[in-house]
Amino acid sequence: MTILKKKMKILITTSSFPNVRNSISGNFILDQINNINAYYDDMEFIICSPGITISSVQENEKIKIYNFRYFFSKKYENIGVESITDLIKKSKFYYLVLLFFTLSQLIKVIKITSKEKPDLIYAHWFTPQAVTSFIVSKIYNIPYKITIHSSDLKILNYYLGSLGKKISKIILKSSSGITVTSKNIFKSVELVLNKDELNKLNLLQYPMGIDSTAIEQVNKNYDVLKLLEPKSKYILYLGRLVEKKGLEDLIAGFSEFSKLSNYKLIIAGFGNLENKLKRLVKEKNLENEVIFTGKVGLSEKKVLFKNSDILIVPSDSLVGLPVSEGMPVTILEGLYFGKVVIASDQTNCEDVIEDGVNGFIYKSESAESITKILNKINKLEKEEVTSISSNALKSSKMYDSKGSSRIYYEFLKL
């Protein structure tokens, strides 16, 4: 008689997950789940996310999904389509939307917990998921863990001051585990907890990882090649076209660099800055040097990486807000494809990029700093580029499907 082993039920709460309005939203969470499911068979994942999850994910038999609405008008239900920080920067009205989102998420998580009886609640982002998870854990006496991706803990303390710090301290200390995706985000935890409190935590500093299995298995979409010229050399930017990504400086810096090189720039992605960036390209007479691909999926992404020499991630800070990146997964993808990866110091990539060894880190100050780092790369000898590419490939093994699945499986299981 075969005895079926009981699976550990994990309820994931998130404000960002692939949905019909933004199919790449929170894609790294889906990658994390797929990686664990590929190597381990004793976990069952339940997702609570806003909006309507894309059909290909809903059809995944290994994942159970609960979506929820949270505002009177769908017009303002943009959390998960755009980041909360971007929305608030656009309009203070989204503070009200965020309040309704938090309350709606709390009610939905209570309902799911009552029905599914999970063994663990796993919150992605501190605000508001860690807050709602903390409340539900107290109601049902269920442990919860948190992954902090960006500056949301810092922002909570920035706006609420000492009250925010007290709330954060209670939630962090009550959790059964915390991961932070970069050294800089760890510092935001250090601002809340003292050394003794930190030492008592189950705390992991590790980026999210990539679904390298999916990358290898997906068919390439060669339609995107129609935008490229076979004999040209390309610098690739891949991500959202929003303020904190440093794209205006990238275009201005590339404009100067292009005068002395034969590289072209690919800007792949979408966002509220797209039209503004296209106008900037026109103003600088770069229409023949800069290519906008629009939204790309994994199959197009694979082709773009294969046909690019350099990946650049020029993230910047937002004026007036303590906002920084949570170590973009794109950097790990660039390493995986063996590209020369250039990342600004605002990406918090120090954990994965060793400057001059498997990539380059530059100080995000101005367009001139981008021109300078691109000129530096352009002057490298062929042997130096080969060495950096080889080191990038080697270092990426820590963050591929097998490597990252083991790290996060053990974190969730403990």
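Keep in mind it's a predicted model, so treat the numbers as computed, not measured.

*Asks:* How should a nonpolar patch on the surface be read in this particular structure?
*Replies:* A contiguous nonpolar surface patch, about 560 Å² in accessible area, is contributed by Tyr-95, Tyr-158, Tyr-159, Leu-160, Leu-163 and Ile-167. A per-element tally of the nonpolar patch places helix H6 (residues 152–174) first, with five residues. Locating Tyr-95 in the fold gives a position in helix H4 (residues 93–116). Since its relative accessible area comes to 33%, Tyr-95 is described here as partly exposed.

*Asks:* Got a minute to help me understand helix H15 (residues 382–396) in this structure?
*Replies:* Given 3.6 residues per helical turn, the α-helix brings residues three or four places apart onto the same face. With 15 residues, H15 should cover 21 Å at 1.5 Å per step; its first-to-last C-alpha distance of 21 Å lies within 8% of that length. Along H15, the residues that are buried comprise Ile-388, Ser-389, Ala-392, Ser-395 and Ser-396. Along the long axis of H15, the arc covered by the buried residues comes to 130°, so they all point the same way. Counted as exposed and oriented over 90 degrees from the buried face of H15: Lys-382, Glu-383 and Lys-394. Considering only its buried residues, H15 is in contact with helix H13 (329–336) and strand S13 (360–362).

*Asks:* What is the right way to read the packing of aromatic side chains from this model?
*Replies:* Aromatic ring pairs: the centre-centre distance and the angle between the two ring planes describe each pair. Tallied over the full model, the rule gives 21 aromatic pairs. Both rings, one in Phe-71 and one in Phe-100, keep their centres 5.4 Å apart while their planes meet at 85°; by these two values the pair is edge-to-face. Within this pair, whereas Phe-71 is found in the loop between strand S3 (63–68) and helix H3 (84–90), its partner Phe-100 is found in helix H4, the two being separated by 29 residues in sequence. Among the residues examined, Phe-100 registers a relative accessible area of 27% and is labelled partly exposed. Chaining the aromatic ring pairs together yields one cluster made of Phe-71, Phe-72, Tyr-76, Phe-93, Tyr-94 and Phe-100. Directly above the aromatic system of Phe-411 lies the positively charged group of Lys-145, at a separation of 5.0 Å from the ring centroid. Positioned over the ring face of Phe-270 is Lys-295, at 4.8 Å from the centre of the ring.

*Asks:* Sorry, what's going on with the nonpolar core here?
*Replies:* Grouped together as the largest cluster of nonpolar side chains are 55 residues, with contacts concentrated most on Ile-10, Phe-45, Ile-331 and Leu-412. When residues no more than four places from it in sequence are discounted, the contact partners of Ile-331 are Leu-311, Val-313, Val-341, Ala-343, Thr-347, Cys-349, Val-352 and Ile-353. Grouped together as the second largest cluster of nonpolar side chains are 39 residues, Tyr-94, Ile-142, Ile-146 and Val-180 included.

*Asks:* Is there a simple way to think about the sheet that holds strand S8 (residues 233–238) in this case?
*Replies:* Read from one edge of the open sheet, six strands run S10-S9-S8-S11-S12-S13, paired in parallel fashion. The sheet is open, and its two edges are formed by strand S10 (290–294) and S13, each paired on a single side. For this sheet, the mean angle separating the axes of adjacent strands, direction not counted, is 20°. Here strand S9 (residues 263–268) pairs with S10 via four bridges, running parallel. Paired with Ile-267 across the strands is Phe-292, a residue of S10. In the packing of helix H14 (residues 367–378) onto the sheet, the strands contacted are S8, S9, strand S11 (310–313), strand S12 (340–344) and S13, and the crossing angle to S13 comes to about 155°.

Quick notes on the rules
- Residues numbered from 1 in each chain as written.
- Predicted model: local features only at pLDDT ≥ 70, side-chain atom pairs only at ≥ 80, totals over all residues.
- Heavy atoms only, no water.
- Patch = residues over 30% accessible without salt bridge, like charges linked within 9 Å, V, L, I, M, F, W, Y side chains within 5 Å.
- Areas by Shrake-Rupley, 256 points an atom, 1.4 Å probe, with all protein chains shown as cover.
- Salt bridge = Lys/Arg side-chain N within 4 Å of Asp/Glu carboxyl O.
- Helix = DSSP H or I, 4+ residues; strand = E, 2+ residues; numbered from the N terminus.
- Buried < 20%, exposed > 50% of the residue type's maximum accessible area, 1.4 Å probe, protein only.
- Expected span 1.5 Å × (residues − 1).
- Arc of directions from axis to C-beta.
- Contact = heavy atoms within 4.5 Å.
- Phe/Tyr/Trp six-rings, centres within 6.5 Å; stacked < 30°, edge-to-face > 60°.
- Lys NZ or Arg CZ within 6 Å of the ring centre and 35° of its normal.
- Core = buried A, V, L, I, M, F, W, Y, C linked by side-chain atoms within 4.5 Å.
- Pairing = 2+ DSSP bridges.
- Axes fitted to C-alpha atoms, helices over the stretch in contact; angles between N-to-C directions.

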